[in-house]
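What follows is each chain in one-letter form.
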Amino acid sequence: MKRLIIPVFLGQAGCPSRCVYCDQPAMSAQARLPDEREIEARVRAYLDSAARATKPFGEREIAFFGGTFTGLPPATQERFLALAGRFVDRGEVHAIRVSTHPACLSEEAVARLVCHGVQTVEVGAQSFDDEVLAEARRGHTAADVEAAAARVHAAGLALGVQLMPGLPGAELASDVASARAAVALAPSLARLYPTLVYRGTRLEAWWREGRYEALTLEEALERTAEMLAIFGEAGVPVVRVGVHGA
């Protein structure tokens, strides 16, 4: 049966820095951090819709996407995870996952996730090329991703890795090398988001100035195809390619 993912978008809440390409409100249609009432209503709406579906769903999962979940104040994390946990306790939802920044995955942060029953942690690596990461203003290095992944594995959680081919300074070779580096971390899943230029971002200004040349559709397809092949050979499922609605 198909898994039901119930996405809860955090806007840009918790992010330790503003990446040059990022406009989370445009990407997710969520301009601010939702409150608990809104989260509960969203989860309930998804569950009610699933109950009316002609084909039944299998496992149901609440997923905190966008922003940096473990960068939120600990009290906010506790409230959100406790809310999700109540759905799990009632058997209405089977799992919880979070998406976060590699620089915000300390041992304490991972322990909090474990305590509240989180099963999957997706890490926004984006690239394993330190020069590309610096140009994108990511605020972390490839070594930070590797350390974060090690803590996730040590806690017995499933690891997801997100990559963005086509970032400023990235070439085909470096994006392919990033895919290989991600596979070496033994993730349970991956996502590939070819870089898009959103209005109002620093990347848009660079693009208009000629400082950044966006991937053509053909180039994006070529890079993504090569990266998909690497994950496929390693048996790592790529659960999303591209930003939804883009």
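Residues numbered from 1 in each chain as written. Predicted model: local features only at pLDDT ≥ 70, side-chain atom pairs only at ≥ 80, totals over all residues. Heavy atoms only, no water.

Some remarks on the packing of aromatic side chains
The way to describe two aromatic rings as a pair is by their centre distance and the angle between their planes. Taken as a whole and judged by the stated rule, the model has 3 aromatic pairs. Judged by centre distance (5.0 Å) and plane angle (40 degrees), the rings of phenylalanine 64 and phenylalanine 69 are tilted. Given a relative accessible area of 0%, phenylalanine 64 falls into the buried group. Judged by centre distance (6.0 Å) and plane angle (5 degrees), the rings of phenylalanine 64 and phenylalanine 80 are stacked. With phenylalanine 64 in strand β2 (residues 60-65) and phenylalanine 80 in helix α3 (residues 74-89), this residue pair connects regions lying 16 residues apart in the sequence. (Phe/Tyr/Trp six-rings, centres within 6.5 Å; stacked < 30°, edge-to-face > 60°. Buried < 20%, exposed > 50% of the residue type's maximum accessible area, 1.4 Å probe, protein only. Helix = DSSP H or I, 4+ residues; strand = E, 2+ residues; numbered from the N terminus.)

Let's talk about a negative patch on the surface
A cluster of like negative charges, contributed by Glu213, Glu218, Glu219, Glu222 and Glu226, occupies part of the molecular surface. Checked against the element boundaries, glutamate 213 lands in the loop between α8 (202-209) and α9 (217-234). (Patch = residues over 30% accessible without salt bridge, like charges linked within 9 Å, V, L, I, M, F, W, Y side chains within 5 Å. Areas by Shrake-Rupley, 256 points an atom, 1.4 Å probe, with all protein chains shown as cover. Salt bridge = Lys/Arg side-chain N within 4 Å of Asp/Glu carboxyl O. Lys, Arg positive; Asp, Glu negative; His and termini not counted. Charge placed at Lys NZ, Arg CZ, Asp CG, Glu CD.)

A closer look at unusual backbone geometry
For glutamine 126, which is not a glycine, the phi torsion comes out positive at approximately 70 degrees. Relative to the assigned elements, glutamine 126 resides in strand β4 (residues 120-126). Overall, the relative accessible area of 9% leaves glutamine 126 in the buried class. In this structure, arginine 137 takes a positive phi of about 60 degrees despite not being glycine. Assignment of secondary structure puts arginine 137 in the loop between α5 (130-135) and α6 (142-154).

A closer look at the side chain of arginine 191
Inspection of the secondary structure assignment puts arginine 191 in strand β6 (residues 189-192). At 2.6 Å, the side chain of arginine 191 forms a polar contact with the side chain of glutamate 122. If near-sequence neighbours (up to four positions away) are discounted, arginine 191 is found in contact with Phe65, Arg97, Glu122, Val161, Gln162, Leu163, Val238, Val239 and Arg240. (Polar contact = N/O pair within 3.5 Å; in protein donor to acceptor, adjacent residues only side chain to side chain. Contact = heavy atoms within 4.5 Å.)

Functional significance is not addressed by these values, which are geometric in nature.
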